[in-house]
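# Chains, contacts and geometry: an overview
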Amino acid sequence: MAMDYSRAADWIVAEDSFDPEYLGKCESIMCQGNGYLCLRNATDEFNPGEQRDLFVAGTFNKFDDNEVTELPNAADISRLDLRLDGVRFSLLTGKVESYDRALNLKTGETTRRVVWTAPNGKRYQLVFSRFVSLDRLHLIVQKVEVTPLDGDMELDITGGINGQMNNGGSQHFSEGDKRLFEGRHMQYNQTTGQSGIHFVFHTTFSFAMDGVPQDEKGFIVMDRRIIKQEFKVAIPAGKTLTIQKLSTVYTSRDRDSEGLELSALQEKALAGQKGICALGYDALLAESARAWSAKVWDNVPVTIQSENAFDQLAIRFSQYHLYIMTPMHDNRMNIGAKGLSGEGYKGHTFWDTEMFILPYFIYSAPEVARSLEEYRWLSLPGAHKKASGNQYEGAQFPWESAWIDDGEVTPVWGAADIVTGLPTKIWSGFIEQHITADVAYGAWEYYQVTGDQDFMDRCGYELILDTGKFWASRLEEGTDGLLHINDVVGPDEYKEHVDDNAFTNYMAAWNIRKALEYSRQLKAERPELYSALDKKLGLAALEPQWEEKLNRIYLPQTREDLVIPQDRTYLTLKDIDLTKYKNQKNVGSIYRDYNQEQITHMQVSKQADILIMFLLLENQFSADVKRANWSYYEPRTLHDSSLSLSTHCILANDMGNRDMAYQLFSSAAAIDVGPNMKTSDAGIHAASLAGIWQSVVFGFGGVRMLDGKLRIDPALPDAWTGLDFYIYWHGQKLHITLSHTALNIENLTGTETVELTVYGKAYQVQGQICVEL
Ligand code: IFM
């Protein structure tokens, strides 16, 4: 079984055959959603080992005190049991004569075409299609077309709503009401045990024979946590029966349903269900496809001219997932590390948002970026709780976040320790602290690129000042008279309990510097806002502290060979031969030979650490320093986190190593959509997908915001002849077209002049400019 990229130019990601060993791959990469909900693409028929997931953003629930809160796996509406002339349809039996399963990235529709010979020798053609509407947030639509190929047939269809789902055994819901309305609309509701969120589901079947609607009467079945209908339909030879199943999900977490009694929510959801039933699959699909075009494909497309069609497919795949994973409708929610595509990382939000995903939205859909940073501002109470719980001041953001007032939700125990035989303790929730500066950086980056003063006044200044306050309290007095940040995990999670992780210290210093700068600026220019923030945060007392501490914070410096120590001990640790792990097929193989404790004492890195600093604080480091550190750390980095490759790709391009950059881009691009069938079982890699866009636009496209200024220093890989993309800068939409010899920038908005530099030369664009490269 393999992925099929032969229709990449037609926006199609496909698999060419069915293999029950690899169900997780397409369940994840072909998941469908709209940021409100997301349905994993488990096949309609049951398969052992499948992972059938339906998530609604923000509906977190904590099963019990031994577990952390997570996104509950809601009732399933996707399963359909079919019996063809009395024989259960299953690709594990009989013979699969032909098979094709495809995701059309342009429309968001998946289609699975099968010709199947049943064990009794009769042949059938089945086409399964489904989509989740991009703009009707509650809607999931399925269609199955069944054609007998050997004479008349009788088809039994069973489907409905199944509340027996769980998350790895944890059942998050209590059972609720079941009811059938008007003989066709099945209703089921369930309520989360701890957070008390009501979910109301409806599903409705309809049938047509060769396009002519049929009035089929179903037999209603109710069972424990299940409501379903059974239908029996005769299909004459040469005819095709089309089954449509339209489903909706509403929850009491929905902003426009807050405070509704369950009965009112049920009524509202039923009315919604009846409304969409009046429309059919094709009309709803066309409407959703139009929404995809308007929002993404006609608005901010990225076009790569290359002989290698996979590159174009990969960037479209990345954009597709960025929209289905992001709760654009509600600023109380953020993006999970696996989006909404699987149970991995429990739907929690990490630094992945600010460092990897946020830039996409800042430059492509600033209003979405604003919503993501408003989530952080709304989460400040949780950040205060975390800081004070650790005897610090200000806002300390949780390493993993869920609902806005949850605070820290990182699980404490993880995978097996091969030496002790115990679960490994996950220290990130306790001491991976750089996230606090990352959040502040995200807010600042949003402001610099958009100029959104209203956001800054309401949320941005407070985020930067309150996090600056945290860092001032976090610094530790050293015997050398300097201030240190001891006992942390940096971005490289293979190193635990380290002192003075360079990334953490530099980012903390950046955060404090920005806080001081803004505090002074507000005092001088915005006395009212300053006084409100001073009252909240005590700015007058903080300013002298910030100033004094900035002078004494320890920032690891370059050695003679220009290498900066990643932390106090990294460069003194033993080197081991990493060849085996560098050539591994699947990530994390080092854990098969060593435990975390042993890995902490070797010069081996999981992911980009110091190197991210060179991107964020680019102007602070010379090209020589970047090159020296790249050459030192990359050979010791296993890229065991999917976050690693895009950072390396962008830096490789910055250093002029275009071949290496392209190789790294190709590896990053392949993580989810690529041919390895085991990479995505627990869900797609959200940050890495955004990293593909960063590699293209920040890497090869050369776009960067540096100290508030736009810089475009492009360098295309040899494999590409052109690149075309759009970015927003201070409300102006720029269309950027690139070849190896020319850079064309058109200001499509044209209401203001955009200033930028290209390879050190300044330009102003209100209309269009062309720069020879
Ligand atoms: O945030 C990342 C981390 O950097 C590496 N482990 C996985 C996390 C979630 O993607």
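The text that follows walks through the structure, step by step, so that each part is easy to find. Sequence order as written defines the numbering, with residues in each chain counted from 1. Local features in this predicted model are restricted to residues whose pLDDT is 70 or higher, and side-chain atom pairs enter the listing and the counts only when it is 80 or higher, whereas totals over whole chains, interfaces and linings include all residues. Note that water and hydrogens are dropped before the side-chain values are worked out from all heavy atoms of the structure.

## Points about the packing of helix 9 (residues 435-450) against helix 10 (residues 453-474)
- To define axes, lines are fitted to C-alpha atoms, for helices over the stretch in contact only, and angles between the resulting N-to-C directions are given on a 0 to 180 degree scale. Runs of H or I in DSSP of at least four residues are treated as helices and runs of E of at least two as strands, each being numbered from the N terminus. The geometry of helix 9 relative to helix 10 is characterised by a closest axis approach of 9 Å and an angle of 155° between their N-to-C directions. Relative to helix 10, the element helix 9 is oriented roughly antiparallel. You can see that helix 9 and helix 10 cross each other, and the crossing is left-handed. Counting all contacts with helix 9, which are made through T436, A437, V439, A440, A443, W444, Y446 and Y447, the residues of helix 10 involved are Q453, F455, M456, Y461, L463, I464, T467, F470 and W471. In these notes the angle categories are as follows: under 35 degrees is roughly parallel, over 145 is roughly antiparallel, 65 to 115 is roughly perpendicular, and the rest is oblique. Note on convention: the crossing is left-handed when the near helix lies turned anticlockwise from the far helix by less than a right angle, right-handed when the turn is clockwise. For this analysis, residues touch if any pair of their heavy atoms sits within 4.5 Å.

## Topic: the site of the ligand
- Around the ligand lies a shell formed by A337, Y345, F350, W351, D352, W399, E493, K606, Q607, S641 and L643.
- At 2.9 Å, a side-chain N or O of W351 approaches an oxygen atom of the ligand.
- Here the Shrake-Rupley method, with its probe set to 1.4 Å, supplies the accessible areas, and only the displayed protein chains count as covering residues. For the ligand, whose unbound accessible area comes to 280 Å², protein coverage reaches 94%.
- Residues are grouped as follows: Ala, Val, Leu, Ile, Met, Phe, Trp, Tyr, Cys and Pro are nonpolar; Asp, Glu, Lys and Arg are charged; every other residue, Gly included, is polar. Taken together, the residues of the shell around the ligand break down into six nonpolar, two polar and three charged. The nearness test applies per residue and asks whether one of its heavy atoms lies within 4 Å of the molecule or strand. Each polar contact in these results corresponds to two N or O atoms within 3.5 Å; when the atoms are within protein, one needs to be able to donate a hydrogen and the other to accept it, and residues that are neighboring in sequence are counted only if both atoms are side-chain atoms.

## Topic: the pairing of strand 14 (residues 185-192)
- Each residue is placed in one exposure class: buried if its accessible area under a 1.4 Å probe, protein chains only, is under 20% of its type's maximum, exposed if it is over 50%, and partly exposed if it falls in between. Judged by how many residues are buried, strand 14 sits mostly within the fold: eight of eight residues are covered.
- Strands qualify as paired when DSSP identifies two bridges or more between them. Bridge count for strand 13 (residues 173-181) against strand 14 is seven bridges, and the pairing is antiparallel. Of the residues in strand 14, the one forming a bridge with R179 is Q187.
- Between the end of strand 13 and the start of strand 14, which pair antiparallel, lie three residues, with E182 showing a positive phi angle near 55°.
- Across seven bridges, strand 14 lies against strand 15 (residues 198-209) in antiparallel orientation. Bridging from a neighbouring strand, M186 pairs with T203 of strand 15.
- The loop that links strand 14 with its antiparallel partner strand 15 comprises five residues; one of these, G196, has a positive phi angle of about 65°.

## Considering the sheet that holds strand 12 (residues 153-162)
- On the basis of which strands lie adjacent, the open sheet formed by five strands has the order 7-6-12-18-17 and antiparallel pairing. Sheet topology places strand 7 (87-88) and strand 17 (219-223) at the edges, where each strand pairs with a single neighbour.

## Observations concerning empty space enclosed by the protein
- Of the grid points, spaced at 1 Å and generated over the protein atoms alone, those admitting a 1.4 Å probe that cannot get out make up cavities, while open sets with protein on both sides within 12 Å along at least five of seven lines make up pockets; any residue with an atom within 4 Å of a point is treated as lining. Grid points are joined across faces, edges and corners, and a volume is the space filled by probe spheres set on the points. Within the structure shown, the criterion is met by seven cavities of 30 Å³ or more.
- Here the largest cavity defines a volume of roughly 240 Å³.
- Along the walls of the largest cavity sit 17 residues, with E445, L615, L616, Q694 and F698 positioned nearest its centre.
- Of all the secondary-structure elements, those providing two or more residues to the lining of the largest cavity are helix 5 (352-364), helix 9, helix 16 (610-616), helix 18 (644-654), helix 20 (686-700) and strand 26 (703-706).
- At five residues, the largest contribution of residues to the lining of the largest cavity is made by helix 5.
- Residue classes in the lining of the largest cavity are distributed as 11 nonpolar, three polar and three charged.

## A short note on the side chain of Q732
- Its place among the elements puts Q732 in strand 29 (residues 732-739).
- The exposure class of Q732 is buried, given its relative accessible area of 2%.
- Not counting residues up to four positions away in its chain, the partners in contact with Q732 are I727, N747, T749, G750, T751, E752 and V754.

## A short note on the packing of aromatic side chains
- Aromatic contacts are taken between Phe, Tyr and Trp rings whose centres are within 6.5 Å, Trp giving its six-membered ring; a plane angle under 30 degrees counts as stacked, one over 60 as edge-to-face, and the others as tilted. Applying the stated rule across the entire model yields 47 aromatic pairs.
- Arranged with centres 5.9 Å apart and planes meeting at 90°, the rings of F350 and W399 form a pair that is edge-to-face. One end of the pair, F350, is in the loop between strand 21 (337-340) and helix 5; the other, W399, is in the loop between helix 7 (380-389) and strand 22 (413-416), with 49 residues separating them in the sequence.
- F350 gets classed as buried once you look at its relative accessible area, which sits at 7%.
- Take W399: its relative accessible area is 2%, and that puts it in the buried class.
- Their ring planes at 85° and their centres at 5.2 Å tell us that Y360 and W693 sit as a pair that is edge-to-face. In this pair, Y360 is assigned in helix 5 and W693 in helix 20, connecting sequence segments 333 residues apart.
- The buried category is assigned to Y360, whose relative accessible area is 0%.
- Every member of this aromatic cluster is reached through a ring pair, and the members are W11, W292, W297, Y320, Y323, Y360, F361, Y363, W693 and F698.
- One cation-aromatic arrangement involves R636 over Y632; the distance from NZ or CZ to the ring centre is 3.8 Å. Lysine and arginine charges are scored as sitting over a ring when NZ or CZ, respectively, is within 6 Å of the ring centre and within 35 degrees of the ring normal.

## Quick word on the environment of G468
- Mapped onto the elements, G468 comes out in helix 10.
- Given the relative accessible area of 0%, G468 is considered buried.
- Not counting residues within four places of it along the chain, the set of residues in contact with G468 comprises N511, I512, A515 and W546.

## Examining the nonpolar core
- Counting residues in each nonpolar core, the largest one holds 177 residues, and the members touching the most others are W351, F361, Y363 and M613.
- The element best represented in this core is helix 11 (residues 502-525), accounting for 12 residues.
- Ignoring sequence-local partners within four residues, the contact set of W351 consists of F356, W399, H434, I435, D438, P491, F503, Q607, I612 and L643.
- Here the nonpolar core consists of buried residues drawn from Ala, Val, Leu, Ile, Met, Phe, Trp, Tyr and Cys, with membership extended through side-chain atoms lying within 4.5 Å. The next biggest cluster of nonpolar side chains, apart from the first, holds 47 residues, and it includes V56, M153, F205 and F231.

## Regarding the environment of I610
- Residue placement: I610 occurs in helix 16.
- Note: C-alpha distance between I610 and G218 (392 residues apart in sequence) is 62 Å.
- Aside from chain neighbours lying at most four places away, what touches I610 is A502, I564, P565, Q566, N629 and Y633.

## Things to note about helix 7
- Looking only at helix 7, the buried set comprises L380, G382, A383, K386 and A387. Buried residues of helix 7, viewed axially, fall in a sector of 155°; they line one side. Exposed side of helix 7, more than 90 degrees from the buried face: P381 and G389 are the residues found there.
- Of the surrounding secondary structure, the elements contacted by the buried residues of helix 7 are helix 6 (366-378), helix 8 (428-431) and helix 10.
- A positive backbone phi angle near 60° is found at Q391, which sits one or two residues after helix 7. Our arc is simply the arc of the directions from the helix axis toward the C-beta atoms.

## Overview of unusual backbone geometry
- Of note, D210 is a non-glycine position whose phi angle comes to about 45°, a positive value.
- Within the element layout of this structure, D210 appears in the loop between strand 15 and strand 16 (212-214).
- Owing to a relative accessible area of 42%, D210 belongs among the partly exposed residues under this scheme.
- The phi dihedral of D487 falls on the positive side, at around 60°, and the residue is not glycine.
- Here D487 lies in the loop between strand 25 (483-484) and helix 11.
- When its relative accessible area of 34% is taken as the criterion, D487 is described as partly exposed.

## Considerations on the pattern of salt bridges
- By definition here, a salt bridge exists when the distance from a side-chain nitrogen of Lys or Arg to a carboxyl oxygen of Asp or Glu is within 4 Å. What the rule picks out here adds up to 54 salt bridges.
- K239 is the partner of D210 in a salt bridge, and the nearest nitrogen-oxygen pair spans 3.9 Å. Within this pair, whereas D210 is found in the loop between strand 15 and strand 16, its partner K239 is found in the loop between strand 18 (226-235) and strand 19 (241-251), the two being separated by 29 residues in sequence.
- Of the charged contacts in the structure, one is a salt bridge between K523 and E543, with a shortest N-O distance of 3.1 Å. Note that K523 is positioned in helix 11 and E543 in helix 13 (residues 539-552), a separation of 20 residues in sequence.
- Overall, K523 belongs to the partly exposed group, its relative accessible area being 41%.

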